Amino acid sequence: MYETRVLSGMRPTGSLHLGHYHGVLRNWIRLQAEYTCLFFVADWHALTTDYEKPGDLHQSGLDMVIDWLASGVDPSQAILFVQSQVPEHAELHLLLSMMTPIGWLERVPTYKDQREKLADRDLSTYGFLGYPLLQAADILMYKARWVPVGADQVPHIELTREVARRFNNTWGDVFPEPEAKLTQIPKVPGTDGRKMSKSYDNAIYLSDTPEEITAKIRPMVTDPARKRRTDPGTPEICPVFDLHRIFTPDGDRETAAVGCRTAGIGCLDCKGILLKHMLPPLAEIRERRQRFTEKPNEMVDILHEGSRRARQMAGETMAQVRAAVNLTP
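Presented here is a report on the structure given in the accompanying data block. (Residues numbered from 1 in each chain as written. Predicted model: local features only at pLDDT ≥ 70, side-chain atom pairs only at ≥ 80, totals over all residues. Heavy atoms only, no water.)

### A few points about the packing of aromatic side chains
The geometry of an aromatic ring pair is captured by the separation of the ring centres together with the interplanar angle, meaning the angle of the planes. Scanning the model with the defined rule gives eight aromatic pairs in all. Residues tryptophan 28 and tryptophan 68 carry aromatic rings whose centres are separated by 4.9 Å and whose planes lie at 80° to one another, so their mutual orientation is edge-to-face. In this pair, tryptophan 28 is assigned in helix H1 (residues 18–32) and tryptophan 68 in helix H3 (residues 57–71), connecting sequence segments 40 residues apart. Taken as a pair, tryptophan 28 and tryptophan 68 share a single burial class, namely buried. (Phe/Tyr/Trp six-rings, centres within 6.5 Å; stacked < 30°, edge-to-face > 60°. Helix = DSSP H or I, 4+ residues; strand = E, 2+ residues; numbered from the N terminus. Buried < 20%, exposed > 50% of the residue type's maximum accessible area, 1.4 Å probe, protein only.)

Shown next, in the form of structure tokens:
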């Protein structure tokens, strides 16, 4: 019987925004209380699309982990580590690449999607083609039972299951087949109504001050039908109302919805109700974030200790892998 483990990672993108918090971190916080969780900084994955301009991966990783901790991810409950500090990932990726058909990688939906979206970059590399296999190595290394993902990432888990079966059938029974733990990702719109993203410059960051958040929310796009204060609106199609669903309690949210539909309140009034409920919880995160920012060495220590623990677990797996492949003298 395998220990119930959960594995998830993020590319080191620096400071995180509301989309990251509500789409990923809140789920991590819940899972860490239920399972043995490993959360990692996926710095090698960052190189698969940004090898020409990687930036400062170390500092970006630290900034990201600060937001993890400020949000409530707890290193006393979960193992936090850096992918590149556990070189066994690279060894397992190499061995898996020996038996994984190229066609399996080419059919992963995000392979074509990303090539189209990132047409300005040279993605004709093995690293980019093989990044789903590197993900498989990340998961299989720790014999993870669950991998929390959105629906669009399920094909990656299916590939990992196929790779595990092929390894077990070819060399010996080493890996359990992981399963996707589907997460309901709330719709978190950016200030322009599109999905919140750094690349769109429409994000509200966990590090933003109340003044910065207010300055972003006030001009935020709303229902296009409300051109004048007296025009009734439709909350269901308004990006601001998507944020109400996340932050505003039922009573005030219903008041805002009725006021919108009847033109009883204007869009600025609606945004004022949102800010009343949005600013306090974000202030708590920002205050915790500031405390961690003032202790950068503590972040480094947490990641070093987590990476040490992860590498110990990875070493146990790789001993089994090398024996199965008959690499052990």
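### Things to note about the environment of valine 24
Tracing the chain through its elements places valine 24 in helix H1. Along the sequence, valine 24 and tryptophan 171 sit 147 residues apart, while their C-alpha atoms lie 35 Å from each other. Discounting residues that sit within four places of it in the chain, valine 24 has contacts with Met10 and Gly19. (Contact = heavy atoms within 4.5 Å.)

### Observations regarding the packing of helix H4 (residues 88–97) against helix H8 (residues 131–141)
Running from N to C, H4 and H8 cross one another at 120°; their axes reach a closest spacing of 9 Å. In terms of orientation, H4 lies oblique with respect to H8. In this structure, H4 meets H8 at a crossing whose hand is right-handed. Facing Glu88, His89, Leu92, His93, Leu96 and Ser97 of H4, the residues of H8 in contact are Leu133, Leu134, Ala137, Asp138, Leu140 and Met141. (Axes fitted to C-alpha atoms, helices over the stretch in contact; angles between N-to-C directions. Parallel < 35°, antiparallel > 145°, perpendicular 65-115°, else oblique. Left-handed = near helix turned anticlockwise from the far one by under 90°.)

### Here's the deal with the state of the cysteines
This structure, assessed with the given rule, holds zero disulfides. Unpaired in terms of disulfides, cysteine 270 finds its nearest cysteine sulfur in cysteine 238, a separation of 5.9 Å. (Disulfide = S-S within 2.5 Å.)

### A look at helix H14 (residues 296–324)
Compared with the 42 Å implied by 1.5 Å per residue over 29 residues, the 41 Å span of H14 between its first and last C-alpha is a close match. Looking only at H14, the buried set comprises Met299, Ile302, Leu303, Gly306, Ser307, Ala310, Met313, Ala314, Thr317, Met318 and Val321. Immediately beyond the C-terminal end of H14, within one or two residues, lies asparagine 326, with a positive phi of roughly 65°. (Expected span 1.5 Å × (residues − 1).)

### Things to note about the pairing of strand E3 (residues 78–82)
On a regular strand, one side chain projects to one face of the sheet and the next to the other, so that they alternate. Among the five residues of E3, five are classified as buried, and the element is accordingly described as predominantly covered. Alternating residues of E3 divide into Ala78, Leu80 and Val82 and Ile79 and Phe81, and every residue in both groups is buried.

### Topic: the pattern of salt bridges
Under the counting rule described, the total for this entry stands at 18 salt bridges. In this structure, glutamate 179 and arginine 145 form a salt bridge, with 2.7 Å as the shortest nitrogen-oxygen distance. Taken together, the residues span a long stretch of sequence, with glutamate 179 in strand E5 (residues 179–182) and arginine 145 in the loop between H8 and strand E4 (146–149) at a distance of 34 residues. Residue glutamate 179 is classed as partly exposed on the basis of its relative accessible area of 31%. Between lysine 276 and aspartate 252 there is a salt bridge, with the nearest N and O atoms lying 3.0 Å from each other. On the criterion of sequence distance, the pair formed by lysine 276 in helix H13 (residues 267–293) and aspartate 252 in helix H12 (residues 250–261) is long-range, its members being 24 residues apart. Looking at lysine 276, the relative accessible area reads 51%, which means it is exposed. By relative accessible area, which is 25% here, aspartate 252 ends up partly exposed. Sharing partners across several salt bridges, the network here consists of Arg161, Arg165 and Glu177. (Salt bridge = Lys/Arg side-chain N within 4 Å of Asp/Glu carboxyl O.)

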